[in-house]
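Summary of structural features
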Amino acid sequence: MRDSANRLLMVLAAVVAVLVIAIVVVSVVLIAAGSSGGSSASPAKSNSGPPAAAGNAFRLGGSDPLTLDPAQSFDVDSARYIVEIFGGLVQLDKNLKVIPDIAERWDVSQPDAQGQVTYTFHLRKDVAFSRSHRRVTAADFKYSWERALNPKTNSPVADTYLGDIVGAHAYEDGQASDVSGIKVVDDSTLQVTIKQAEPYFLDKLTYTVADVVNKDQVEKNPRGWTLAPDGTGPFILAKYDVGQQLILEANSSYHLGKPAVPEVRFDLAGGGGLTQYQAGEVDITGVGINDIESIRDPNNPLHQQFQESTALGVFYLAFNTQVAPFDDPKVREAFALAVDRDKIASVVLKDIAKPADRILPPGMPLRSDAVKGLSYDPARAKQLLQESRYNGKLPRLQLYTSGAGANADVETQAIVQQLKDNLGVDIEIQQVEPATFLQDAKRGRYAMWVAGWSADYPDPEDFLDVLFYSKSKQNDFRYSNAQVDDLLVRARTEQDKAKREQLYAQAEQLIVNDAPVAPLTYDADNALVKPYVKGFFLPGMIIPWLRYISIQRG
Amino acid sequence: MTTAEAALDAVAPSRPPASQWRMALRRLLRKRIAASALCLILIFYGVGVLAPLIAPHSYDQIDLNHTFAGPSLRHPLGTDRLGRDVLSRVIWASRTTVVVTVATLVTGGLVLGVGLGLLAGYKGGGWDTITMRVGDVFLALPGLLMLIMISATLRPRWDGWMTHFYGWPIIGGTLKSGASDYFLVFGVLSLFSWVGMARVIRSQVFALRQTEYVQAAVAMGAGTGHVVWRHLLPNVSNLIVVVLSASLASVAGSEIALTWLGVGVRPPTPSFGQLLFDGAGLSNLRTHPNLLLVPAGVLVVLFLSFNLLGDAVNDVLNPRTG
Amino acid sequence: MQGLAPYVVRRLLWAIPVLFAVSVVTFALGRYGPGDPIQVRAPRADPQTIERIREHQGLNDPVPVQYMRWLGRFLRGDFGDSYRFPDRTVKSLILPRLKITIQLNVVALMVVFGLGIPLGVWAATRRGSWQDPLTIGTFLLFSAVPTVVAIPLLQWLFALKLGWFPATGWSGLLSKAAVLPIIALSVGGIAGVARFMRATTLEVLGQEFVRVARAKGLPESAVLRRHVSRNALLPMVTVIGLSLVGVLEGSFFVETLFGIPGIGAFVFQEVQGRDYDVLMAITLIIATAYIVANVVVDLSYAWIDPRIRLGESAAA
């Protein structure tokens, strides 16, 4: 007995010893790793902070990027960092206008006999990669774009943004060794030929996939180069602790002017939003639905620090126009008129999104005021449903929504309730996991679902043509209207802005009337901003905005 | 489960006749704490079963004019973000817990667990090896991760398959009203909850098989069914009750966890997992803590009762501690 | 102690088919289930592009072929690449997160046993006094409440009402932000261990040799120290071994709710992103940990008490 008891104690002692050693080793390793990067500070410390860095650093919340490779990025969380670290020929300014970045200026040719248009970009001579300080030349662009289009890169975006360049498809299919439409004239001149005139081609080039990457770096370490990416953007990735923090440092030789903040710190773990903001751990934060009312109250001291603005995105109820009962436009219109979007926006969403009565969101260039939006008209909706050929014999209806977590989509539930009250239809909500939702919506498995679209580049083409052109790959509604198609095709190449606006207005009006989608809400952004943060604005899209910010304490 | 197993390893074979059950129940009820725990659980299950009759409102009656309302006569526990009655939602959520726990204990615990345990213990040999080795694999699989993967990946297939039955009388209507989620959830839970029960039963049956009276019964030509039904089952029944009552809490907790993660019971069918998720967001907590405190309070009491009952049943029925 | 080496060899050999079965099940679940990692990552990519990427990454090959390819790489020590994070390897995604999870859990376990064992013994010595039902009730209460319920309550009370700790966030183990997660991870365990310890202590206290020791006039504290604690601790070894694995599951919710960048919070997003190879790696790590913990428990059991024959104790 005694012997076994002693052995037992030894085992227990060993367990405790192992635990203690493990913890000591792990913390030593981590602290060492942390301090070598210059910051293992706890939040308490970073408040008072080392005076040099944290005092003027701009601090905000964020999420982990899925990738820092411009050719791979397809999501907001990645693009947010990539636009600051990398740069391309052109970029979007505060007002979402295309402005020069590495290209100083450019000439656009008239369409030739085959309708092809050539852009000649004149590159600045003073642009260098931020880490290697090597000068950026036209050949770097040819390399970067061909790399993005190369099937080996597995870029999900390259074809969408660069596929219109002459010879891009041949290169993607392996029939050509380079993209014939991208020509390096000399170190600072790049010629790009596209298949047909595209007034929004420069807008497309602001997307991250068109950014320039450093060939030497990428080829030397193809699997790990994004850990210390060598871009041309206003900031340099200084430190990235997965799930904890991401630190950007100002690129002092940035060709459009050195950013005013020396350092930007993204807290990737916080997630506390308002709590962290009030504790002084972040300098700006978005406000969620539950706090928005108290913040909007003018008596709240935080009200002074609050701003909100619409963003280029729309959320809608989508119909498959090829299946019953939504193959009858009257049913679609009835559903569209039976939703009280004002009430949903104001009561359910507390105005963190704005009611949408048409497709193009406010703030979109070339958005004509001539388009007459949808109204809320339950009486007319009921009448339309009775006139439809499905009167009294509607099939079983399921509304699909994409959802992760038990986050019951309250907006959808409110819509279903309104449709029931106004039209007497019973609709079941089916919440589907995002991974399968997207696939099934594309394959036409749903008759009705809720979805949204947000701008990739600020042009109506990105909404109307991409979503509603009958042959578009994103037209999940299977919507087809010859008149709309004709207007959209004409608008694509129309060089005159006023005429283009008018063409899009006509197309949008037809689409709104046909109701392949029932618009619900427009996206909106909001932020609480500390008074010492100067130059903040809500751009409505992902653009390189951090260089406009400065911190001026007391 | 493992602690229960360890404790039960030493249980000697005994045959509780019917009167002994009554005695056990009386002893259980004599413990004041156990009796009140049992009482609370019965009330909870009663409320769950009678939810359609008791709930003052429907669980999905949306009233956009009265969102986030405080307690009132009409809504004793207030309303949520869509103006739905919190009390009614809690009552309907109990129903989900009731259905899932009962169904899982019956399929996973009784059918799979006891069935496989008897099979392995009585037949022995190859049957025993296969059952126990499969059990090993199930134990080595990270349960929660597997539950998530299964319900995430199989759900669309499952849904598609279920729609075939929508036309059927009675069953069709139940399926449409969210029961297909119940089936998936308790099916998945059962798959992972049988191993503990099967092991306990197996080792007990192993011991019983060696006893004289079972050997005598076999020698006298009694069929397998007869031996199992008359000699084995009655002798493991107290174990079954102990294990079942000990696993009530973990089954109920698993459903809540799955739903909380969005892979369990889906809205609009209410579940505590969802009520917690809705109420637990930090900003919700700051402004409307009642949305969390009400369901959390009910659950704390329920789980405490589960554990108290489990302990008491173990005391009464487990000869070693009793 | 006889047959130790063959026993260990047998157990470890048995681990191979178990791990194989685990990997096959996980692999099949992922690949045969609907959902596509490329589509999730690039929701707006056109079907041809997605098809091309799938083809290129070998996702269109028959599943058994894909499995063999995965197995081949795995046996060479290569965990593969992530589909969701296109420029990262599985290893680089998992290791930093695993480190955080292990740190957190090791501390939590130390707290669990450091507080649970003495509390349990203390409660046992107070049997019969008014403190007994009180402590046992408290233990029950804390071990009863599921983590999902407990964490929001903790956040509400300590972060929002009292403002003692931040509600979420992570800045290393040695910070205020780690306090609530550790409490959340260990409270249930402390109560469970204490309950178990109380029960075994009471049992030992009732045994012959303790009564003899008392009869000899040994002071109560010495009885506890010399006899009771040692014998009552024996069953604890099993509990320790198994908790090593059990807490991993607890950290799933703790990490998600507190925003801690560990494996637990990560795994759910990875299921949704259908990041097959990452999921394979995580599943196998946990399964291996489970098997190893069990072997170690068996061995230490046999070593502590030679009367126990290997292979019969702690069948789990």
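Refer to the preceding data block for the structure.
So, here is what we can say about the structure in this document. (Residues numbered from 1 in each chain as written. Chains lettered and ligands numbered in written order. Predicted model: local features only at pLDDT ≥ 70, side-chain atom pairs only at ≥ 80, totals over all residues. Heavy atoms only, no water.)

1. What to know about the overall build of chain C
Helix and strand content of chain C: 13 helices and 0 strands. Ordering the α and β elements of chain C from the N terminus gives α-α-α-α-α-α-α-α-α-α-α-α-α. Expressed as a percentage of its 316 residues, the buried residues of chain C come to 56%. Partitioning the contacts of chain C with sequence separation of at least 6, the portion at a separation of at least 24 is 71%. As presented, chain C carries roughly 12,900 Å² of accessible surface, and 67% of it is formed by carbon and sulfur atoms. (Helix = DSSP H or I, 4+ residues; strand = E, 2+ residues; numbered from the N terminus. Buried < 20%, exposed > 50% of the residue type's maximum accessible area, 1.4 Å probe, protein only. Contact = heavy atoms within 4.5 Å. Areas by Shrake-Rupley, 256 points an atom, 1.4 Å probe, with all protein chains shown as cover.)

2. Observations regarding the overall build of chain B
Broken down by element type, chain B carries 13 helices and 0 strands. What you see in chain B, going N to C, is helices and strands ordered as α-α-α-α-α-α-α-α-α-α-α-α-α. Counting every position in chain B, which comprises 322 residues, the buried fraction comes to 55%. Expressed as a percentage of contacts within chain B between residues at least 6 apart in sequence, the contacts between residues at least 24 apart total 74%. Accessible area of chain B: about 13,300 Å², with a carbon and sulfur share of 67%.

3. Considerations on helix α12 (residues 263-272) of chain C
All names here are of chain C. Among the 10 residues that make up α12, 9 are buried, leaving the element largely enclosed by the rest of the structure. Of all the residues in α12, the buried ones are I263, G264, A265, F266, V267, F268, E270, V271 and Q272. Directly after α12, the chain includes R274, whose backbone phi takes a positive value near 50°.

4. So, empty space enclosed by the protein
Residue and element names in this part refer to chain B. Per the stated rule, a full pass over the model turns up 7 cavities of 30 Å³ or more. Forming the boundary of the second largest cavity are D80, V86, R89, L275, D278, G279, L291 and P295. Of all the secondary structure elements, the ones that give two or more residues to the lining of the second largest cavity are α5 (86-123), α11 (272-280) and α13 (290-317). With 3 residues, α11 is the single largest residue contributor to the lining of the second largest cavity. (1 Å grid on protein atoms, 1.4 Å probe; cavity = no way out; pocket = protein on both sides within 12 Å on 5 of 7 lines; lining within 4 Å. Points joined across faces, edges and corners; volume = space filled by probe spheres on them.)

5. Section: the nonpolar core
By size, the foremost hydrophobic cluster in this structure holds 162 residues, and its most contacted members are F58, F121, W145, I165, L205, F335 and W545 of chain A. With sequence-adjacent residues up to four places away left out, L205 of chain A is seen in contact with L89, V90, F121, W145, L162 and A210 of chain A. Counting residues in hydrophobic clusters, the runner-up holds 145 residues, among them L208 and L248 of chain B together with A159 and V267 of chain C. (Core = buried A, V, L, I, M, F, W, Y, C linked by side-chain atoms within 4.5 Å.)

6. Considerations on the interface of chain B and chain C
Residue-level contacts link 42 residues of chain B with 50 residues of chain C. Of all residues in chain B, M149, T153 and W260 of chain B bury the most surface against chain C, accounting for 13% of the area lost on that side. The tally of links from chain B across to chain C stands at 1 salt bridge. For the salt bridge of R195 of chain C with D311 of chain B, the shortest nitrogen-to-oxygen distance reads 2.5 Å. Applying the counting criterion to the chain B and chain C interface returns 2 residue pairs in polar contact (both at pLDDT 80 or more). Going through the elements one at a time, α1 (2-8), α6 (125-140), α7 (143-162), α10 (224-260), α11, α12 (282-287) and α13 of chain B are the ones with two or more residues in the side of chain B that touches chain C. Per-element accounting of the side of chain B that touches chain C gives the leading share, 11 residues, to α7 of chain B. Its residues assigned to classes, the side of chain B that touches chain C shows 30 nonpolar, 5 polar and 7 charged. (Buried area = accessible area lost by both parts, 1.4 Å probe. Salt bridge = Lys/Arg side-chain N within 4 Å of Asp/Glu carboxyl O. Polar contact = N/O pair within 3.5 Å; in protein donor to acceptor, adjacent residues only side chain to side chain. Nonpolar A, V, L, I, M, F, W, Y, C, P; charged D, E, K, R; others polar.)

7. Thoughts on unusual backbone geometry
Note: most peptide bonds trans; most residues except glycine with negative phi. Residues and elements named next belong to chain A. Cis rather than trans, the peptide bond between A324 and P325 has omega equal to -5°. Looking at the element boundaries, P325 is found in the loop between β12 (306-319) and α11 (329-337). Of note, H133 is a non-glycine position whose phi angle comes to about 60°, a positive value. Structurally, H133 can be placed in the loop between β5 (117-123) and α4 (138-149). Within the chain, L366 stands out as a residue other than glycine whose phi angle is a positive 65°.

8. Here's the deal with the sheet that holds strand β9 (residues 245-250) of chain A
All names here are of chain A. Taken together, 4 strands build an open sheet; the order of strands is β1-β10-β9-β8 and the sheet is mixed. Since the sheet does not close on itself, it has two edges, and those belong to β1 (58-61) and β8 (235-241), each with one partner. Strand-to-strand twist of the sheet, defined as the mean angle between neighbouring strand axes without regard to direction, takes the value 20°. (Pairing = 2+ DSSP bridges. Axes fitted to C-alpha atoms, helices over the stretch in contact; angles between N-to-C directions.)

9. Observations regarding the sheet that holds β5 of chain A
All names here are of chain A. If you walk across this open sheet you meet the 4 strands as β4-β5-β7-β6, and the pairing is antiparallel. A single partner strand is all that each edge strand has here, and the edge strands are β4 (103-108) and β6 (182-186). For this sheet the average axis-to-axis angle between neighbouring strands, irrespective of direction, equals 20°. Pairing of β6 with strand β7 (residues 189-194), which is carried by 4 bridges, proceeds in the antiparallel orientation. Bridging across to β7, K183 finds its partner in Q191. Its contacts with the sheet put α4 on β5, β6 and β7, and the angle it makes with β6 is roughly 165°.

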